[in-house]
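Residue-level structural notes
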Amino acid sequence: MSAGKPYRPAFTASDGRLLDVAEAVARDWDALGVRGSFLARDLDSGEQLGFDAGTPLPLASVVKVPLALVVLDRIAAGELDPAHPVTYTPAAGAVGPTGLAAFRHPATVAVGDLLLLMLSVSDNAAADLLFDLVPVAEVAGRLRDWGCADLWVRHRLRHMYACAAGASGNDFSLALELAVRDERTGRHTIETLDPARASAGTAAALVDLLERVWLDRISVPGATAELRRLMGHQVFTQRMGGELRADSLRFGGKTGTFLHLRHEIGVVEADSGARVAVAALTRADRRAALAPDIDLAIGAAAREAFEALRG
């Protein structure tokens, strides 16, 4: 997002009609001051459309999807008990407005319910409790073993906020200003916004992961089926979910939001049998904690891609 340089995305499309859709999405995002990457793929035909799908970006809470898959793989192998109780102490927890992260008093929650909290309401404290059981290095190593290229898990959720607080003197308005400024200069004051040091990934890598989860081509079917079920419980609909809501559609997804980053990945399935995986990773060129127009643009992109791909 460097000043003075024209925005020229690298497009991916299976044919000219799909290219037109990808170009329209990129224009819409550009008009809002949004940069990022986008990819949508039909899981049966392999047809796809998008732009800048190979550009790494920090994942924010989207990292909870690969974390969940590794935890579920451990559960399926009998190495973790989903009923095992874990005690949360607020003083040691991660920052966040939802779930255990918002609790003021200690609580004990089973491992299986930590997964639900992490994926349904994006609970950062639940995620870090799971990282206590399955450390960052183990998650990263399992992804490598599974051949998940261009997907890097490097830190806990608490570290993401600690880096922002450290760079801004605990002033998150200033942290947001630093994030936007650094996008323009290419230097990263906040370590966890640097794709080379953050938990990061590309839209292509995330769509590949979703495809393998939905088609049972990674881990074991028991783990992938449970991940699909849990992603179907996400409560946030301000992005893709709101645009893909219908009696004939099912959507399982995961948002990621941190400072100027607004992401979502997921799979939409139709009663007709159509299945499309989508990854939208964005960073905004504005100092705004709330940006409903960007959320709507992400949802509109997912809807337009789904309608184009299912024909």
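Residues numbered from 1 in each chain as written. Predicted model: local features only at pLDDT ≥ 70, side-chain atom pairs only at ≥ 80, totals over all residues. Heavy atoms only, no water.

Attention now moves to the overall build of the chain. Per the secondary structure count, the chain includes eleven helices and eleven strands. For 311 residues, the compact-globule formula gives about 19 Å, and the C-alpha radius of gyration of the chain, at 19 Å, lands near that figure. On the principal axes, the C-alpha backbone points of the chain span a range of 55 × 50 × 35 Å. The long-range fraction of contacts in the chain, counting pairs at least 24 apart against all pairs at least 6 apart in sequence, stands at 68%. Summed over its atoms, the accessible surface of the chain is roughly 12,500 Å², and 50% of this surface lies on carbon and sulfur atoms. One finds the centroid of the 33 positive side-chain charges in the chain at a distance of 4 Å from the centroid of its 39 negative side-chain charges. (Helix = DSSP H or I, 4+ residues; strand = E, 2+ residues; numbered from the N terminus. Rg over C-alpha atoms; globule rule 2.2 N^0.38 Å. Contact = heavy atoms within 4.5 Å. Areas by Shrake-Rupley, 256 points an atom, 1.4 Å probe, with all protein chains shown as cover. Lys, Arg positive; Asp, Glu negative; His and termini not counted. Charge placed at Lys NZ, Arg CZ, Asp CG, Glu CD.)

Another point: the pattern of salt bridges. One pass over the structure, following the stated rule, counts 20 salt bridges. With a shortest N-O distance of 3.0 Å, Asp271 and Arg250 are connected by a salt bridge. Of this pair, Asp271 sits in the loop between strand 10 (261-270) and strand 11 (275-284) while Arg250 sits in strand 9 (residues 249-258), and the two are 21 residues apart along the sequence. One salt-bridge network, held together by shared partners, links Arg41, Asp208 and Glu211. (Salt bridge = Lys/Arg side-chain N within 4 Å of Asp/Glu carboxyl O.)

Overall, antiparallel pairing links the three strands, which are arranged 4-8-7 in an open sheet. A single partner strand is all that each edge strand has here, and the edge strands are strand 4 (57-58) and strand 7 (151-152). Pairing geometry for strand 4 and strand 8 (residues 200-201), over two bridges, is antiparallel. By the bridge assignment, Pro58 is partnered in strand 8 with Ala200. (Pairing = 2+ DSSP bridges.)

This next bit is on the sheet that holds strand 2 (residues 34-42). Pairing is antiparallel in the open sheet, where six strands are placed in the order 1-3-2-11-10-9. The open sheet has two edge strands, strand 1 (11-13) and strand 9, and neither has a second partner. Going from strand to strand, the sheet's axes swing by 10° on average, the running direction of each strand aside. Across three bridges, the pairing between strand 1 and strand 3 (residues 48-51) is antiparallel. Bridged to Phe11 within strand 3 is Phe51. On the sheet, helix 11 (residues 292-310) packs against strand 2, strand 3, strand 9, strand 10 and strand 11 and is oriented at approximately 25° with respect to strand 2. (Axes fitted to C-alpha atoms, helices over the stretch in contact; angles between N-to-C directions.)

What follows covers the packing of aromatic side chains. Per the counting criterion, the structure on display carries six aromatic pairs. For the pair Phe11 and Phe51, a centre-to-centre distance of 6.0 Å together with 65° between the ring planes defines the contact as edge-to-face. You can see Phe11 sitting in strand 1 and its partner Phe51 sitting in strand 3, a full 40 residues away along the chain. Given a relative accessible area of 0%, Phe51 falls into the buried group. Seen in terms of ring centroids, Trp29 and Phe38 are 5.9 Å apart; in terms of plane orientation they differ by 80°. Their pairing is edge-to-face. Here the two residues Trp29 and Phe38 agree in accessibility, since each one is buried. Aromatic rings pair up to connect Phe11, Trp29, Phe38 and Phe51 into one cluster. (Phe/Tyr/Trp six-rings, centres within 6.5 Å; stacked < 30°, edge-to-face > 60°. Buried < 20%, exposed > 50% of the residue type's maximum accessible area, 1.4 Å probe, protein only.)

The next subject is helix 2 (residues 64-76). Here helix 2 spans 18 Å end to end across 13 residues, near enough to the 18 Å set by a 1.5 Å rise per residue. Along helix 2, twelve of the 13 residues are buried, which leaves the element largely enclosed by surrounding structure. Buried within helix 2 we find Lys64, Val65, Pro66, Leu67, Ala68, Leu69, Val70, Val71, Leu72, Asp73, Arg74 and Ile75. One or two positions beyond helix 2, positive phi appears at Gly78, with a value near 80°. (Expected span 1.5 Å × (residues − 1).)

This next bit is on the nonpolar core. Side chains that are nonpolar tend, in soluble globular proteins, to be buried together. The biggest cluster of nonpolar side chains holds 74 residues, and the ones touching the most others in it are Val71, Leu115, Met118, Leu227 and Leu259. Residues contacting Val71, with those up to four places away along its chain left out, are Leu80, Val111, Leu115, Leu130 and Val134. Membership of the second largest hydrophobic core comes to 32 residues, among which are Phe51, Ala274, Ala301 and Leu309. (Core = buried A, V, L, I, M, F, W, Y, C linked by side-chain atoms within 4.5 Å.)

Let us look at the side chain of Ser61. Structurally, Ser61 is set in the loop between strand 4 and helix 2. A relative accessible area of 5% means that Ser61 is categorised as buried. At a separation of 3.3 Å, a polar atom in the side chain of Ser61 contacts the side chain of Ser122. With near-sequence residues (within four places) excluded, Ser61 lies in contact with Ser122, Asn124, Leu157, Lys254, Thr255, Gly256 and Thr257. (Polar contact = N/O pair within 3.5 Å; in protein donor to acceptor, adjacent residues only side chain to side chain.)

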